[in-house]
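Observations on the model geometry
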Amino acid sequence: MNELSVIDVTDQRPTIEEWGHRIERLLDGESNAAIFNLRADDDREFDAIFLGGGASGRFGSAYMRAMGGRQLIIDQWPFLGGSCPHNACVPHHLFSDCAAELMLQRTFGGSLWFPPMDGVITSIKEVVDLFRRGRIGPHAIMNYQSKEQLDLEYILNVPGRIIDAHTVEAAGRTFRARNLILCLGARPQILDVPGKDLKGVYTNVNLVETLDYEPSATVVVVGGSKTAVEYGSFFSATGRRTIMAVRSECLKIVPDGEIRGYVRDRMEEQGLEIWERSQVVRIEDDGEGRVAGVIIRTPKGEERVETNFVFVALGEIPNSEMAADVLGVEIGPKNEVIVDSQLRTSVPNVYAVGDLIGGPMEMFKARKSGMYAARNAMGATIHYEPKDFPDFLHTHYEVSWLGLGEEEARAKYSNIVIIKMPPNNPNGLDVALPASDRTMLYAFAKPHMSGYQKLIIDGDTRRVLGAHHVGYGAKDAFQYLNVLVKQGLTIDQLGEMDELFLNPTHFIQLSRLRAGRQDLVDL
Ligand SMILES: Cc1cc2nc3c(=O)[nH]c(=O)nc-3n(C[C@H](O)[C@H](O)[C@H](O)COP(=O)(O)OP(=O)(O)OC[C@H]3O[C@@H](n4cnc5c(N)ncnc54)[C@H](O)[C@@H]3O)c2cc1C
Ligand SMILES: NC(=O)c1ccc[n+]([C@@H]2O[C@H](COP(=O)([O-])OP(=O)(O)OC[C@H]3O[C@@H](n4cnc5c(N)ncnc54)[C@H](OP(=O)(O)O)[C@@H]3O)[C@@H](O)[C@H]2O)c1
């Protein structure tokens, strides 16, 4: 293989299908040729090199190009779009979809038309294989769209090496730009215990690349935040005993205590074992380099769990080393590149965006920070700091939230009013609401599993302070609801809206039930 061989697509117009075949072959290691897509008709200096073509680099580039600027993306993978469609969000959403389907089957197994599921363990590997084959489609679309529709210039399948604040080397050539925008992403934090390198220890990255066997009937997940809960919920839904080793508390990220409790209760009811204040201290070798078991230190002492599969989800570490070593950009305690509100690093003309600048490591921030850095690099003075955004995770449910949880709201305001469904019920939780699309079977046959929703209102100003939802289908609403809440949405305005009955967020109709009162009270 020739290190510097090049596939020049500049004057070609590969279809999405052709891109798919090409990406597949390059990912399979058929060649390590760099893909060049550089405009021959444009000899202007680049306004920016985006080092990394994930969400942040691609969206920043698209914005710069749309503004009339000239950009260049350099990415080491043979496709644009980065980790989200390759090993992060998209597999998580496939697995979470499967978890929801499987839990429906398991909850109703043996009744209605559902086959019995007792003792049935379904394949994890089949779903991972399905993802690995299917991810090529989105990759191909992004290469196609970026070239044919967004008119972006890019070099793929080759790492870029920073030379200085204006220069990057790739495939043996150097490229210069007025600005350098670092979009290098992050990588999973490793579990630093004996046995961490055994076959059978996975993160979200190597799971989808290398899983080549069916995990045992018991699996261990390490961590207690979004990734751990999302993957753990999927493994549990396949029928495996799933133990989550959580060093502190699980789901700390969910801001409302009642919602967190509901989510946890349902996870445990559906079989997940959450071992809090528990640390993995060692992973055992079966003598052939594979995982045989895990030793977990729990509050009750050390426990051995027999398994051939450990999933590690300890958060992400920004890939800041090259920028720190070569450019000397300032780095924070979590390895993140420090930027100001214009996304500028400590080095002039060098910006950093996306996961590289630390939390929140979410797609909206990656895309928006890329866009804002592009605007600043093009001469604007524009500020971006991610705060007051809606958030979510999956268990077997979608869990969405925005604004304050009840505890924080009560600490900040003296007249908090809560509107929720199901209502507080002296006879327990077994009530048939909230009912909505995708939860109707639960609502009628297993009412306590139909979800939970809660609106938090300042009774004095009548403004909505927080909204929280467990169920299906409300996530979409939250990205719009968040804008309204930031604009000062009141219970009266909510009560004026026209709801589509039956919808998953009951906030409009519940608000209407109370909005006529001057002195708001809980519902
Ligand atoms: C398991 C998991 C699930 C997630 N699910 C969600 C979700 O549901 N919703 C959500 O909003 N967010 C989710 N996220 C977060 C989301 O994936 C990230 O915030 C987002 O992908 C970050 O984009 P980025 O551009 O900063 O980084 P990336 O997309 O990681 O891009 C970095 C790019 O840099 C390239 N690169 C690195 N080094 C070099 C080099 N030397 N030369 C050239 N190229 C280089 C890489 O190839 C890569 O393409 C999830 C994360 C994880 C881990
Ligand atoms: N939107 C989504 O659905 C989604 C999905 C997945 C990931 N993401 C994003 O991707 C990023 C990574 O997510 P994540 O869930 O992996 O990470 P995270 O939110 O940073 O949580 C890390 C978890 O690992 C634990 N932990 C950290 N170091 C540990 C150690 N040495 N030993 C034991 N436990 C340790 C933490 O415990 P403590 O709480 O005790 O610190 C926490 O439970 C986040 O920014 C997240 O927002 C988003």
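Reference entry: report on the structure contained in this document. Residue numbers run consecutively from 1 along every chain, following the written order of its sequence. To label them, take the chains in the order written and letter them from A, then take the ligands in the order written and number them from 1. In keeping with the predicted nature of the model, local features appear solely for residues at pLDDT of at least 70, side-chain atom pairs appear and are counted solely at 80 or more, and the whole-chain, interface and lining totals rest on all residues. By convention in this description, side-chain values take in all heavy atoms of the structure and omit both hydrogens and water.

**What to know about the site of ligand 1**
Proximity is defined per residue: if any heavy atom of the residue lies within 4 Å of a molecule or strand, that residue is considered near it. The environment of ligand 1 is made up of 33 residues, and the closest members are Ser-56, Asp-75, His-93, Asp-355 and Met-363. Polar contacts here mean pairs of N or O atoms no more than 3.5 Å apart (in protein, one a potential hydrogen donor and the other a potential acceptor; neighbouring residues in sequence count only if both atoms are side-chain atoms). His-93 is positioned such that a nitrogen or oxygen atom in its side chain is 2.8 Å from an oxygen atom of ligand 1. Interatomic distance of 2.8 Å between a side-chain N/O atom of Asp-355 and an oxygen atom of ligand 1. The protein chains hide 91% of the 1,000 Å² of surface that ligand 1 would expose on its own. Mapped onto the shell around ligand 1, the elements with two or more residues apiece are α2 (55-66), β4 (71-75), α3 (83-87), α4 (89-108), α8 (226-237) and α11 (363-377). Amino acids are sorted into nonpolar (Ala, Val, Leu, Ile, Met, Phe, Trp, Tyr, Cys and Pro), charged (Asp, Glu, Lys and Arg) and polar (every other residue, Gly among them). Residue classes in the shell around ligand 1 are distributed as 16 nonpolar, 13 polar and four charged. Only the protein chains shown count as cover for residues, with accessible areas throughout obtained via the Shrake-Rupley method and a probe of 1.4 Å. Helix and strand labels come from DSSP, where a helix needs a run of H or I of at least four residues and a strand needs a run of E of at least two; each type is numbered from the N terminus.

**Topic: the sheet that holds strand β10 (residues 201-202)**
Strands are labelled as partners when DSSP assigns at least two bridges between them. With parallel pairing, the five strands of this open sheet are ordered in space as β10-β17-β11-β12-β13. At either end of the open sheet lies a strand with only one pairing partner, and these are β10 and β13 (273-275). Where strand β11 (residues 218-222) meets strand β12 (residues 241-245), five bridges bridge the pair, whose relative direction is parallel. Residue pairing in the sheet places Val-222 in a bridge with Ala-245 of β12.

**Re the environment of Val-417**
Positionally, Val-417 belongs in strand β22 (residues 416-421). Note on classification: 1.4 Å probe, protein chains only; a residue is buried when its accessible area is under 20% of the maximum for its type, exposed when over 50%, partly exposed between these limits. Under the relative-accessibility criterion, Val-417 is labelled buried at 3%. Sequence separation between Val-417 and Asp-75 is 342 residues; the distance between their C-alpha atoms is 50 Å. Contacts between residues were defined by any pair of non-hydrogen atoms, one from each residue, lying within 4.5 Å. Once residues within four sequence positions are removed from consideration, Val-417 is found in contact with Leu-455, Ile-456, Ile-457, Gly-459, Leu-520, Val-521 and Asp-522.

**Some remarks on the sheet that holds strand β20 (residues 391-394)**
The strand order across the open sheet built from five strands is β20-β21-β24-β23-β22, with neighbouring strands paired in antiparallel fashion. What marks the edges here is a single partner per strand, and that holds for β20 and β22. Taken over all neighbouring pairs, the strand axes of this sheet differ in orientation by 10° on average, direction set aside. Across six bridges, strand β21 (residues 398-403) lies against strand β24 (residues 463-471) in antiparallel orientation. Within β24, the position partnered with Glu-398 by the bridge is Gly-471. Each axis is a line fitted through C-alpha atoms, taken for helices only over the stretch in contact, and angles between the N-to-C directions span 0 to 180 degrees. Against the sheet, helix α14 (residues 475-486) engages β20, β21 and β24, with an angle of about 5° to β21.

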